[in-house]
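Residue-level structure breakdown
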Amino acid sequence: MAVVFIGFMGAGKTTAARHLAAVRGRAAVDTDALIEERLGHTIAEEFARRGEGAFRALEEQVVGAALGAAGPEETLALGGGSVLSPKVRAALADHTVVLIDVDVHTAWRRASGRRRPLAGDRRTFAALHAERVPVYERLADVILPAASRADPSRLLAAIDSLGRAPRRTRLLWATSASGEYPVLIGEGLLGADVWPLAQSRRFVVTDENVGPLYLDRLGPIDGEIVLAAGEESKTLAGAELVWRELARRGVARDDHLVGLGGGVVGDLAGFCAAAYQRGVPIVHVPTTLVAQVDSAYGGKTGVDLPEAKNYVGAYHQPGGVLVDTATLATLPDRELAAGYAEVLKTALIAGGELWRRVSEDAPVDEATVTACARLKLGVVAEDERDGGRRQVLNLGHTVGHAIESVTAYRRYRHGEAVALGLLAALRLSGQDALRAEVAELLAGHGLPVTMDGVDVDAVVAATARDKKRIGASVPFVLVHRPGDVRPGATVGDGELRRAVRELCP
Ligand code: NAD
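Now for a quick tour of the structure. (Residues numbered from 1 in each chain as written. Predicted model: local features only at pLDDT ≥ 70, side-chain atom pairs only at ≥ 80, totals over all residues. Heavy atoms only, no water.)

A look at the site of the ligand
In the vicinity of the ligand, 29 residues are found, and the nearest of them are Asp207, Glu231, Thr287, Thr288 and Thr330. Lys309 is positioned with one of its side-chain polar atoms (N or O) 2.8 Å from an oxygen atom of the ligand. Lys376 is positioned such that a nitrogen or oxygen atom in its side chain is 3.1 Å from an oxygen atom of the ligand. Coverage of the ligand by the protein amounts to 94% of the 870 Å² it exposes when considered alone. Put simply, the parts of the chain that give the shell around the ligand at least two residues each are helix H8 (210-214), helix H10 (263-275), helix H11 (289-295) and helix H12 (333-350). For the shell around the ligand, the class distribution of residues is 8 nonpolar, 10 polar and 11 charged. (Near = heavy atom within 4 Å. Polar contact = N/O pair within 3.5 Å; in protein donor to acceptor, adjacent residues only side chain to side chain. Areas by Shrake-Rupley, 256 points an atom, 1.4 Å probe, with all protein chains shown as cover. Helix = DSSP H or I, 4+ residues; strand = E, 2+ residues; numbered from the N terminus. Nonpolar A, V, L, I, M, F, W, Y, C, P; charged D, E, K, R; others polar.)

Set out below in structure tokens:
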């Protein structure tokens, strides 16, 4: 299969294709250049002389022929509108399609004022972007953010690994200030030969539930450390146990760790990887819904203190994330429900298509997992270290973490506490109708929407200890509407107490 770059004007398809092709020692094929060669004049002139219809007919012919003739070692960049042709879309099925995902502002900045026929008017340009993005997304096997500085060899290795993965596996390329990495999402991915850090020894950290189910599906490993399951392991004592085991087994900086399990294993193993010998790489293999839609991405790692949750930790981006959605089949119902709270949180932040699906209670499938992963990766790409935008991911977590902490991390699953926290956040946002809608969705998925026997004052006091505190106040994330979620709101104690008390009828 050839590698074919698609995407909107200004995405950077031609440059990306050139870099990737260079790794293969070849030249990239740019279909716009082929068309201009055939015409003997520019595409802009063709639009002016004969109109868009005539151009599209020729484009379909030229792109169709180029795709038909493309051998497995070739790299192509297609014109942004070529995928509007059903024939071109059908021809793409034979190749690996890489979408360069560019936001409309960046695209406009790059494309306007360059005599591109469809980049003359900003409003029409934005409408075209909105119309085409879903088409690109449906076609893409790989999604690469336009801002990525991906090393072409590493990107090519990840793209090539798709050929050994189950059909319909998607590759998302994660970017952040401190590193880039591949995220593969596919059903039945474990067991495929797609490991992102192939040249180094693998030491797996897992728990007593997940290890027996999936350790033997990871391929060759060089050692494993199996912890007791649950939040109780996410402590400094748990981390010390892992570090000492790694030291005892002679794990060195050219080895890597694997976090196989839910968010507890991921956070703990990630923290151990961040600090062991001042940092060794880690590959996350998330097996809970919480981890597959949220915790495995973005590099936040850490452990709890008895005083408060996630109080000690580090940022440490993984070397790769492998998401096998088939592992959810063995997840107990209560854990699946807990993950649904993070799905709902993510959908509120994302708005748009993801919110539409979730609010209609569509099944949580691979497409939902992928959409949640993309939202999180997009937020982290903008703000890795919680300086601004990333704080939106904390929606529902301020009160949620406080509830977990005052109930000693035993009574509620993390996601269950987030469900309650979301309802408090929606009350503080003044969103009565949305709160009712969310409560119904949460309850329908077996999540708590009220709590009893929890001390309201203790929850308010624990909220004040939240690690996001700035000076005397804890900033809250509030929802203006799905898709418009803003951090940094000040909330008075009385208001907070009322929102928490409402959870205890
Ligand atoms: P978890 O890791 O405790 O897993 C839940 C339970 O499911 C455990 O008993 C586990 O053994 C079991 N399990 C896991 N996968 C299984 C499978 N496929 N089949 C059968 N059993 C399986 O809990 P979680 O909800 O995944 O994670 C919660 C943690 O994640 C919290 O500590 C939270 O703070 C953290 N978190 C971190 C981030 C982040 O950005 N780092 C984001 C969200 C949550």
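Re the sheet that holds strand S11 (residues 282-286)
Neighbouring strands of a sheet are bound in pairs by backbone hydrogen bonds; such pairs are parallel or else antiparallel. Judged by pairing direction, the sheet is mixed, and its 12 strands sit side by side in the order S2-S3-S1-S4-S5-S6-S7-S14-S11-S10-S8-S9 without closing on themselves. On the outer flanks of this sheet lie strand S2 (29-30) and strand S9 (224-227), each paired with one strand and no other. Pairing geometry for strand S5 (residues 142-145) and strand S6 (residues 170-174), over 2 bridges, is parallel. Bridging across to S6, Ile143 finds its partner in Leu172. Those strands touched by helix H1 (residues 13-23) are strand S1 (3-6), S2, strand S3 (75-77) and strand S4 (96-101), and its axis lies near 170 degrees from that of S3. (Pairing = 2+ DSSP bridges. Contact = heavy atoms within 4.5 Å. Axes fitted to C-alpha atoms, helices over the stretch in contact; angles between N-to-C directions.)

Notes on helix H13 (residues 352-359)
Taken together, the buried positions of H13 are occupied by Leu354, Trp355, Arg357 and Val358. Projected down its long axis, H13 shows its buried positions confined to an angular sector of 160 degrees, all on one face. As for H13, its buried residues are in contact with H12, helix H14 (366-382) and helix H17 (432-444). Trailing H13 by a residue or two, Asp361 shows a phi angle of about 60 degrees, which is positive. (Buried < 20%, exposed > 50% of the residue type's maximum accessible area, 1.4 Å probe, protein only. Arc of directions from axis to C-beta.)

Concerning the environment of Glu437
Secondary-structure assignment places Glu437 in helix H17. Classification of Glu437 by relative accessible area gives partly exposed; the value is 32%. Once residues lying within four places of it in the same chain are set aside, the contact partners of Glu437 are Trp355 and Ser359.

Nothing here speaks to function; it is all geometry.
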